[in-house]
Amino acid sequence: MGPMSSQQRRTAVVTGASSGIGAATARALAAAGFRVVCAARRTDRIEALAQEIDGVAVACDVTDADSVAALAAGLPVVDVLVNNAGGAFDSEPIESTDPDQWGRTFDVNVVGLVRMTKALLPALRASGDALIVNMGSTAGRWAYPTGASYTAAKHGTKVVTETLRLELLGEPIRITEIAPGMVHTEEFSVVRFAGDQERADAVYAGVDQPLLAEDIADAVAWVATRPWHVNIDEMVIKPRAQAAFDKVHRSGA
Ligand code: NAP
């Protein structure tokens, strides 16, 4: 069978598709036969990716209601929504934390996901067999010192996912949370430490071997290709070298 036309291909929307896990997920879903709508703020990156995977690039800031509404307006039917856009923006004890960073963290990881889901629910319903995958984290399972802005937000991602599954019971929409542990992506730790590459590199130093973005993308593609009646509620995925947040096996350690 030759390549499917865009009429035949099912549509997947991936937020945060401009780097890391989102970009790998867009590639994996395209390889699984989906027409992928690559959404993020950096248009040069998503345009290049969309061209590579025969998908569509749509500039979208999940913290901006108009931007999300514009994306939704162009998509009458969506089969898979991957709410992947997110990140950590600080590493501070609560005593010295900047509450504005908490607002930013919640806006992307929790409210952004809610904004996207709300806007696309009519299109997901129209699919008749839809799936929402929310990118959580083991930070949504564990607390760790200096991590509270992010761990509190990712606990929020988990609870929003569980609430959606309860509220949408009986509808043709499956809901999954994927909660990765340490994934060595190009930007995640650099963003967290405000561009400090040395500090970012130290997170992964000596670890044999952190997860790769492709490992998580593989899990998303697997979830998205289960039969319609199979709901994978949640997947916690860690590298073999990580037993808990600060229990990481490092060579020479
Ligand atoms: P990353 O490389 O920093 O990618 C983050 C993505 O989110 C980028 O594509 C970024 O695109 C997008 N994004 C950020 N703010 C956005 C906004 N307001 N609107 C739209 N897109 C936005 O990080 P990653 O490691 O791939 O992480 C992806 C997801 O996995 C996040 O939810 C993260 O919390 C989660 N996660 C990561 C790890 C890890 O160890 N790396 C572990 C567990 C969970 P633009 O800047 O172009 O908008």
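As shown above, the structure is provided for reference.
Each chain carries its own residue numbering, running from 1 in the direction its sequence is written. Per-residue local features of the predicted model are confined to residues with pLDDT of at least 70, and side-chain atom pairs are confined, for both listing and counting, to 80 or more; whole-chain, interface and lining totals are unaffected and use all residues. Side-chain numbers come from the whole structure's heavy atoms, not from hydrogens or water.

1. Here we look at the sheet that holds strand β6 (residues 173-180)
Consideration 1: Across the sheet, seven strands lie side by side as β3-β2-β1-β4-β5-β6-β7; this open sheet has parallel pairing. The open sheet has two free edges, formed respectively by β3 (56-59) and β7 (234-237), since each of these has just one partner strand. Across this sheet, the average inter-strand angle for adjacent strands is 15 degrees, counted without regard to direction.
Consideration 2: When strand β4 (residues 80-83) meets strand β5 (residues 130-135), the two strands line up parallel, connected through four bridges. Following the sheet pairing, L81 is matched in β5 by I132.
Consideration 3: Throughout, a residue-residue contact means that at least one pair of heavy atoms, one from each residue, lies within 4.5 Å. Convention adopted: a line fitted to C-alpha atoms gives each axis, helices being fitted over their contacting stretch, and angles between N-to-C directions are expressed from 0 to 180 degrees. Numbered from the N terminus, helices here are DSSP runs of H or I no shorter than four residues, and strands are runs of E no shorter than two. Lying on the sheet, helix α5 (residues 148-167) is in contact with β5, β6 and β7; it crosses β6 at an angle near 160 degrees.
Consideration 4: In the packing of helix α8 (residues 213-224) onto the sheet, contacts are made with β4, β5, β6 and β7, and the angle to β6 comes to roughly 160 degrees. Here a strand pair is declared whenever DSSP counts at least two bridges between the two strands.

2. Notes on unusual backbone geometry
Consideration 1: Here the bond from D208 into Q209 is cis, since omega is 15 degrees, no more than 30 degrees from zero.
Consideration 2: Checked against the element boundaries, Q209 lands in the loop between α7 (197-204) and α8.
Consideration 3: Backbone geometry places D54, a non-glycine residue, at a positive phi of 55 degrees.
Consideration 4: Checked against the element boundaries, D54 lands in the loop between α2 (43-53) and β3.
Consideration 5: Of note, T146 is a non-glycine position whose phi angle comes to about 70 degrees, a positive value.
Consideration 6: Position of T146 among the secondary structure elements: in the loop between β5 and α5.

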